[in-house]
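Breakdown of the fold
In case you want the letters, here they are:
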Amino acid sequence: MSILFPKVRKPREWDYRPIYYDEEKEARKQKLARLHHGSFREEHEKNMSTQRAKNQSKLTFWLALLVLALALYFFLR
């Protein structure tokens, strides 16, 4: 525009933001990477096995509680 004052771009500023290691974030990235590589079936089977274990544990607890309640009923009767 002007011959006396030409436009000169400013140099880019250095914007340094340190990256801190976050163990949980890295674990999430690893899990997501495994899922993206087609191991949905393996993840599903892993989740189902843990779910079965939880259900088995709950069933054992309730059966033990039922046996205890019946024993108390017959003992105190």
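Quantities reported herein were computed from a predicted structural model and do not represent experimental measurements. (Residues numbered from 1 in each chain as written. Predicted model: local features only at pLDDT ≥ 70, side-chain atom pairs only at ≥ 80, totals over all residues. Heavy atoms only, no water.)

1. Some points on the overall build of the protein
A tally of regular secondary structure across the protein gives two helices and zero strands. Dimensions of the protein, computed from C-alpha atoms along their principal axes, come out at roughly 110 × 35 × 25 Å. Counting all 77 residues of the protein, 3% fall into the buried class. About 8900 Å² of surface is accessible on the protein, with carbon and sulfur atoms providing 62% of the total. When the 16 positive and 9 negative side-chain charges of the protein are each reduced to one mean point, those points stand 6 Å apart. (Helix = DSSP H or I, 4+ residues; strand = E, 2+ residues; numbered from the N terminus. Buried < 20%, exposed > 50% of the residue type's maximum accessible area, 1.4 Å probe, protein only. Areas by Shrake-Rupley, 256 points an atom, 1.4 Å probe, with all protein chains shown as cover. Lys, Arg positive; Asp, Glu negative; His and termini not counted. Charge placed at Lys NZ, Arg CZ, Asp CG, Glu CD.)

2. Regarding a negative patch on the surface
Together, Asp22, Glu23, Glu24 and Glu26 make up a region of like negative charge exposed at the surface. Overall, Glu26 belongs to the partly exposed group, its relative accessible area being 31%. (Patch = residues over 30% accessible without salt bridge, like charges linked within 9 Å, V, L, I, M, F, W, Y side chains within 5 Å. Salt bridge = Lys/Arg side-chain N within 4 Å of Asp/Glu carboxyl O.)

3. Some words on the packing of aromatic side chains
In this description, a pair of aromatic rings is defined by centroid distance and the angle of the planes. On inspection of all chains with the given rule, the structure shows three aromatic pairs. Their ring planes at 70° and their centres at 5.4 Å tell us that Tyr73 and Phe74 sit as a pair that is edge-to-face. The burial state of Tyr73 is the same as that of Phe74; both residues are exposed. (Phe/Tyr/Trp six-rings, centres within 6.5 Å; stacked < 30°, edge-to-face > 60°.)

4. Description of the pattern of salt bridges
Summed over all chains, the structure comprises one salt bridge. Of the charged contacts in the structure, one is a salt bridge between Arg17 and Asp15, with a shortest N-O distance of 2.8 Å.

5. Re a nonpolar patch on the surface
A surface patch of nonpolar side chains, amounting to about 830 Å² of accessible area, comprises Phe61, Trp62, Leu65, Leu68, Leu72, Phe75 and Leu76. When you line up the elements, Leu65 lands in helix H2 (residues 40-76).

6. Focus: the environment of Lys58
With respect to the helices, strands and loops of the structure, Lys58 is situated in helix H2. Along the chain, Lys58 and Asp15 lie 43 residues apart, while their C-alpha atoms are 54 Å from each other.

7. Notes on the environment of Gln51
Within the secondary structure, Gln51 is located in helix H2. For Gln51, a relative accessible area of 37% translates into the label partly exposed.

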